[in-house]
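Architecture and fold: a report
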2 protein chains.
Amino acid sequence: MTFYLIGTGLNAESLSWEALKIIRKCKQVYLENYTVDFPFEKKRLERTCNKKIKELQREEVESEEFLDKAKKENIALLVYGDSLSATTHSELILNCMKKKIPHQVIHNASILTAISETGLQLYKLGKTTSMPTWKDNWKPDSFTEIIKQNQSIGAHTLLLIDIALDLEKAKSQLKESLEKNKIEVEKIILCSNLGVKSRIYYDNLENLPLRIPKPYCMIIPGKLHFHEQDFLEHL
Amino acid sequence: MTFYLIGTGLNAESLSWEALKIIRKCKQVYLENYTVDFPFEKKRLERTCNKKIKELQREEVESEEFLDKAKKENIALLVYGDSLSATTHSELILNCMKKKIPHQVIHNASILTAISETGLQLYKLGKTTSMPTWKDNWKPDSFTEIIKQNQSIGAHTLLLIDIALDLEKAKSQLKESLEKNKIEVEKIILCSNLGVKSRIYYDNLENLPLRIPKPYCMIIPGKLHFHEQDFLEHL
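Quick caveat, the model's predicted, so the values are computed rather than measured.

This brings us to the interface of chain A and chain B. Across the boundary between the two partners, chain A contributes 51 residues, which contact 51 residues of chain B. Together, the buried faces of chain A and chain B total about 4200 Å²; carbon and sulfur atoms form 62% of this surface. Together, Trp17(A), His107(A) and Ile153(A) form the three largest contributors to the area buried by chain A at its contact with chain B, with a combined 15%. Connecting chain A to chain B are four salt bridges. When the shortest N-O distance is used, the salt bridge between Glu13(B) and Lys21(A) registers 2.9 Å. Linking chain A with chain B are 20 residue pairs in polar contact (both at pLDDT 80 or more). Elements represented by at least two residues in the side of chain A that touches chain B include exactly α1 (17-24), α5 (87-99), α6 (111-114), α7 (143-152) and α9 (226-234) of chain A. Residue classes in the side of chain A that touches chain B are distributed as 19 nonpolar, 22 polar and 10 charged.

Below, the structure written as structure tokens:
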């Protein structure tokens, strides 16, 4: 029996043909939905799979009880986007290796490549970073360090944003962090709902919209090739 | 009518449910296969799609005649992996925007994220680079510049390899380039057939195998987190 870690891709119908065939033969299908903002309902995914899906809470994923079940029956865990983009999911596979549980990874589209819809060349992306939600006495801005590192080699930076953080607050946190760390940025790219109903904005931080459909992310461009510039201006 | 740029994902059955529905309503389905090593036959893809697929040569893709057809009928171009990972394909979308041809991008799994099967954390990947096939009087090694840039910020480097280049030659080109540019690398990651029948090797350049199933790629690790190290040692 096997543990299948399956990427759902970016929308309710982007599961692969291969994944659909596997899901059909699984005794239980789980969904991890606490690390991302799903841009669609679980029900729509169930309709695509033609199968009931059980949502797992963070503690349940981390307890890994469902992994042990895979010793006796076929079990699938669905993960938004690609199956291994988040560290938590690599841990699951590592633990399968350690516990000798048969496992298979089914890849799918990820935000990490869907950002190519901006016209940016993916091979010029540097390290990816993320912005947490600030509290009154806790304002971590280590993501600016990654932006600086990437800028030092002319690379673009994908900035993922805590799912609890609304766009208006994200913009003000970014503004404060860039100023404090003396990072000069002209225009920023803001992506909404990539792979579902993609909308892309390219403007100064102040001019970017305040409300857009989730999920969203930002890109701080590094050195732009003129093809990239041309694309951004045609969006 | 619409031009659909569709990622096939990594194997013959990784087309998405959404893509299969679109393909069904397309008048003509094309396949771009000159920039990559397909790890399966076109026939197998035709079986998944249940439709005839016409291969396009480089000149045909670049002439973009098929794009103009999309003004009158639904046309799909299938691309291995994700739809927009290669610069050529971004150009197609840019030209759709310029010519006002309706278009839609369908994402899928890509080698750029499937390398997560190595246990490396994708957010620590730096710029991607590629190694061309050397000729007697033409030995470009600019990919070493990217490796150096990534190493300066502790990032990993994905090194894509010209599809005409066999592994033995790729290894010797890499060895010569690293030595010439005084780049010290301990162990390298070699990936074969990711997403199809993945095999991953982690060893010194000399000890890596000489023949493995295509497609393959290499990763020059930057600074490894102990979780990444742990994963690599369990492979």
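Ile6(A), Leu78(A), Ile6(B) and Leu78(B) are the most contacted members of the largest nonpolar core, which totals 73 residues. Here Leu78(B) is in contact with Ile6(B), Thr8(B), Ile23(B), Val29(B), Tyr30(B), Leu31(B), Glu32(B), Leu45(B), Cys49(B) and Ile53(B), once residues within four sequence places are set aside.

Turning next to helix α8 (residues 167-180) of chain B. Residues and elements named next belong to chain B. For α8, with 14 residues, the first-to-last C-alpha span of 20 Å sits near the 20 Å given by 1.5 Å per residue. Buried residues of α8: Leu167, Ala170, Lys171, Gln173, Leu174, Ser177 and Leu178, and no others. Here the buried residues of α8 occupy an arc of 165° about the axis, which is enough to place them on one side. Of the exposed residues in α8, the ones pointing more than 90 degrees away from its buried face are Glu179 and Lys180. Check the buried side of α8 and you find it contacts β6 (129-131), α7 (143-152), β7 (157-161), β8 (187-192) and β10 (216-220). Near the N-terminus of α8, the side chain that reaches the backbone nitrogen of Glu168, with its oxygen 3.1 Å away, is that of Asp166. Backbone geometry just after α8 places Lys182 at a positive phi near 50°.

Looking now at the domain arrangement of chain A. Residue and element names in this part refer to chain A. Each assigned domain of chain A is listed with its residue range as follows: domain 1 (3-109) and domain 2 (112-234). Between domain 1 and domain 2, the residue contacts involve nine residues of the former and nine residues of the latter. Buried area between domain 1 and domain 2, both sides added, is near 690 Å², and the carbon and sulfur share of it is 66%. When the buried surface of domain 1 facing domain 2 is broken down by residue, Leu10, Asp37 and Pro39 rank first, second and third, together holding 61% of it. The interface formed by domain 1 and domain 2 holds one salt bridge in total. Taking the shortest distance from any N to any O, the salt bridge between Asp37 and Lys214 comes out at 3.7 Å. Scanning the region where domain 1 abuts domain 2 turns up one residue pair in polar contact (both at pLDDT 80 or more). Each residue belonging to the side of domain 1 that touches domain 2 can be placed in one class, and the counts come to five nonpolar, three polar and one charged.

Residues and elements named next belong to chain A. Scanning all chains against the criterion turns up 30 salt bridges over all chains. Taking the shortest distance from any N to any O, the salt bridge between Lys54 and Glu60 comes out at 3.8 Å. With a relative accessible area of 38%, Lys54 lands in the partly exposed category. Between Lys124 and Glu228 there is a salt bridge, and its shortest N-O distance comes to 2.7 Å. Residue Lys124 is found in the loop between α6 and β6 (129-131), and its partner Glu228 is found in helix α9; the two are separated by 104 residues along the sequence. Its relative accessible area of 13% is what places Lys124 among the buried residues.

Residues and elements named next belong to chain A. For α5, which comprises 13 residues, the first-to-last C-alpha distance of 18 Å matches the rise-based estimate of 18 Å (1.5 Å per residue) to within 8%. Within α5 the residues assigned to the buried category are His89, Ser90, Leu92, Ile93, Leu94, Asn95, Cys96 and Met97. Lys100 occupies a position one or two residues after α5 and carries a positive phi of about 55°.

Another point: the sheet that holds strand β7 (residues 157-161) of chain A. All names here are of chain A. Taken in spatial order, the five strands make up an open sheet running β6-β7-β10-β8-β9, and their pairing is mixed. The open sheet has two free edges, formed respectively by β6 and β9 (199-204), since each of these has just one partner strand. Between one strand axis and the next, the sheet turns by 25° as a mean value, whatever way the strands run. Pairing analysis gives six bridges linking strand β8 (residues 187-192) to β9, with the strands arranged antiparallel.

Residues and elements named next belong to chain B. Overall, parallel pairing links the five strands, which are arranged β3-β2-β4-β1-β5 in an open sheet. Of all strands in the sheet, those bounded by a partner on one side alone are β3 (54-56) and β5 (103-106). Averaged over neighbouring strand pairs, the angle between their axes works out to 25° when direction is ignored. Its contacts with the sheet place helix α5 (residues 87-99) against β1 (3-7), β2 (28-32), β4 (75-79) and β5, and it is angled at close to 160° to β1.

Let's shift gears to the relation of the copies chain A and chain B. Take chain A, turn it by 180°, move it 0.0 Å along the axis, and it overlays chain B with an RMSD of 0.0 Å. Classification of the inter-copy transformation places it as that of a two-fold axis. When the interface residues of chain A are mapped onto chain B, 100% of them are again interface residues, pointing to one common binding face.

This part covers the environment of Gln151(A). Along the chain, Gln151(A) falls in helix α7. Setting aside its immediate chain neighbours within four residues, Gln151(A) contacts Ile183(A), Glu184(A), Val185(A), Ile220(A) and Pro221(A).

The final tally for this structure, using the stated rule, is 10 aromatic pairs over all chains. Look at Tyr30(A) and Phe66(A): their rings are 5.7 Å apart centre to centre, the planes differ by 55°, and that puts the pair in the tilted class. Taken together, the residues Tyr30(A) in strand β2 (residues 28-32) and Phe66(A) in helix α4 (residues 65-69) connect sequence positions 36 residues apart. As far as burial versus exposure is concerned, Tyr30(A) and Phe66(A) are alike and both buried. Look at Phe38(B) and Tyr80(B): their rings are 4.9 Å apart centre to centre, the planes differ by 50°, and that puts the pair in the tilted class. One end of the pair, Phe38(B), is in the loop between β2 and α2 (42-49); the other, Tyr80(B), is in the loop between β4 and α5, and 42 residues separate them in sequence. For the pair Phe38(B) and Tyr80(B), one class covers both residues: buried. Through successive ring pairs, a cluster of aromatic residues spans Phe3(A), Tyr30(A) and Phe66(A).

Reading the values: rules and limits
Residues numbered from 1 in each chain as written. Chains lettered and ligands numbered in written order. Predicted model: local features only at pLDDT ≥ 70, side-chain atom pairs only at ≥ 80, totals over all residues. Heavy atoms only, no water. Contact = heavy atoms within 4.5 Å. Buried area = accessible area lost by both parts, 1.4 Å probe. Salt bridge = Lys/Arg side-chain N within 4 Å of Asp/Glu carboxyl O. Polar contact = N/O pair within 3.5 Å; in protein donor to acceptor, adjacent residues only side chain to side chain. Helix = DSSP H or I, 4+ residues; strand = E, 2+ residues; numbered from the N terminus. Nonpolar A, V, L, I, M, F, W, Y, C, P; charged D, E, K, R; others polar. Core = buried A, V, L, I, M, F, W, Y, C linked by side-chain atoms within 4.5 Å. Buried < 20%, exposed > 50% of the residue type's maximum accessible area, 1.4 Å probe, protein only. Expected span 1.5 Å × (residues − 1). Arc of directions from axis to C-beta. Domains from an automatic or database assignment. Pairing = 2+ DSSP bridges. Axes fitted to C-alpha atoms, helices over the stretch in contact; angles between N-to-C directions. Least-squares fit on C-alpha atoms with pLDDT ≥ 70 in both. Phe/Tyr/Trp six-rings, centres within 6.5 Å; stacked < 30°, edge-to-face > 60°.

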